[in-house]
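# Architecture and fold: a report
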Amino acid sequence: MNEAAGWIDLTGKVAHVTGGARGIGAGIARALAMAGAKVMVSDLKLEDAAAVAEAIGGEAMALDVTDRQAVDAAMAATRDRLGALDILVNNAGVYLGFGGPVRDISDEMWRTLWSVNVDGVFYCSRAAAGIMIEQGRGGRIINVSSTQAVSPGVGVTYDGSKAAVTQITKALALELAQHGINVNALAPGPTWVGEGEPPKTGGQPPNRTGDPLADTIADRIARLPVGHWADPMEQGKAVVFLASSMSDFVTGIYLPVDGGWLTL
Ligand SMILES: NC(=O)c1ccc[n+]([C@@H]2O[C@H](COP(=O)([O-])OP(=O)(O)OC[C@H]3O[C@@H](n4cnc5c(N)ncnc54)[C@H](O)[C@@H]3O)[C@@H](O)[C@H]2O)c1
């Protein structure tokens, strides 16, 4: 092994990935395990989380990130079952669709989405930071934001929540630097979480809706410079960078992994 390869080696580190049962979270869990970390995969769906954990030699637990007591217990259980907690990836998130014009968005939709995308990030970060500070060996918190945080277009509920995640990341980075805990945000662009290969882009958007805002997004996906949607592992590789000593001097950043989306 060359010397630089050791910089991404996560052997001896313990990671917790929320919402890891499928999609981007499963890709992140897999990438962290490939780099040597022991991974706790949590999700609302325990069976699916367990299948991911089994495939990567990790462990699984049921967790709803909106339940603050369950979150406290889950972070402590990760430390107790795997021996430490070094890396938290706040991946669990929901989109729930565009929701229509702002005057039609229900309180329920707003609260449901913000409770997962924002409250969940806060609860998990608070619990994990407490454990990392107690351990006294630094740590990493990686929050999954989105390109929509800085380039809105899928509705006020989701776009706003991801902007909040980005600013929470920066505030935590400032506060936790004194404890050797780096806090960064990952901003995925269009990432294929369906069956089969990520679709190619280019040409006419296939899914025009007639809604000008929705079609702007479809047009941008069609023009994505790299020519295809991301695979979840492409997000996972960026998380390995943010979790490893490759990024020792990196904190408080917003890292787009977007195939050029934000350059459009
Ligand atoms: N897929 C994309 O193109 C894309 C782009 C930008 C950002 N993101 C973000 O990436 C993250 C993962 O997205 P994805 O596309 O893989 O989603 P997904 O819907 O495929 O998977 C999300 C996972 O989170 C779990 N989950 C939902 N609510 C939860 C809760 N309350 N507690 C615990 N787990 C919960 C679900 O059960 C599911 O397994 C989200 O934060 C999303 O906003 C996705």
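Right, let's walk through the structure included here. (Residues numbered from 1 in each chain as written. Predicted model: local features only at pLDDT ≥ 70, side-chain atom pairs only at ≥ 80, totals over all residues. Heavy atoms only, no water.)

### Observations regarding the packing of helix α1 (residues 23-34) against helix α7 (residues 232-243)
Interhelical geometry of α1 versus α7 gives an angle of 50° and a closest axis separation of 7 Å. Taken together, the axes of α1 and α7 are oblique relative to one another. Like other packed secondary-structure pairs, α1 and α7 cross with a definite hand, here right-handed. Contacts between α1 and α7 pair G23, I24, G27, I28, R30, A31, L32 and M34 from the former with P232, M233, Q235, G236, K237, V239, V240 and A243 from the latter. When the residues that make up the contact of α1 with α7 are grouped by side-chain class, the tally is 10 nonpolar, 4 polar and 2 charged. (Axes fitted to C-alpha atoms, helices over the stretch in contact; angles between N-to-C directions. Helix = DSSP H or I, 4+ residues; strand = E, 2+ residues; numbered from the N terminus. Parallel < 35°, antiparallel > 145°, perpendicular 65-115°, else oblique. Left-handed = near helix turned anticlockwise from the far one by under 90°. Contact = heavy atoms within 4.5 Å. Nonpolar A, V, L, I, M, F, W, Y, C, P; charged D, E, K, R; others polar.)

### Things to note about the site of the ligand
Around the ligand there are 25 residues in total, and R22, I24, D43, N91 and Y158 lie nearest to it. Within the side chain of D64, a nitrogen or oxygen atom sits 3.0 Å from a nitrogen atom of the ligand. Taken by itself the ligand offers 830 Å² of open surface, and the protein chains cover 85% of this. Elements supplying a minimum of two residues to the shell around the ligand: α1 and α5 (156-176). Class assignment for the residues of the shell around the ligand results in 13 nonpolar, 8 polar and 4 charged. (Near = heavy atom within 4 Å. Polar contact = N/O pair within 3.5 Å; in protein donor to acceptor, adjacent residues only side chain to side chain. Areas by Shrake-Rupley, 256 points an atom, 1.4 Å probe, with all protein chains shown as cover.)

### Quick notes on the pattern of salt bridges
Within the structure shown, the criterion is met by 6 salt bridges. Taking the shortest distance from any N to any O, the salt bridge between D86 and R137 comes out at 2.8 Å. Taken together, the residues span a long stretch of sequence, with D86 in the loop between α3 (68-82) and β4 (87-90) and R137 in the loop between α4 (107-135) and β5 (139-144) at a distance of 51 residues. The exposure class assigned to R137 is partly exposed, which follows from its relative accessible area of 43%. The salt bridge partner of R111 is D119, with a shortest N-O separation of 2.7 Å. With a relative accessible area of 22%, D119 lands in the partly exposed category. Each of R79, D80 and E134 takes part in a single network of salt bridges with overlapping partners. (Salt bridge = Lys/Arg side-chain N within 4 Å of Asp/Glu carboxyl O. Buried < 20%, exposed > 50% of the residue type's maximum accessible area, 1.4 Å probe, protein only.)

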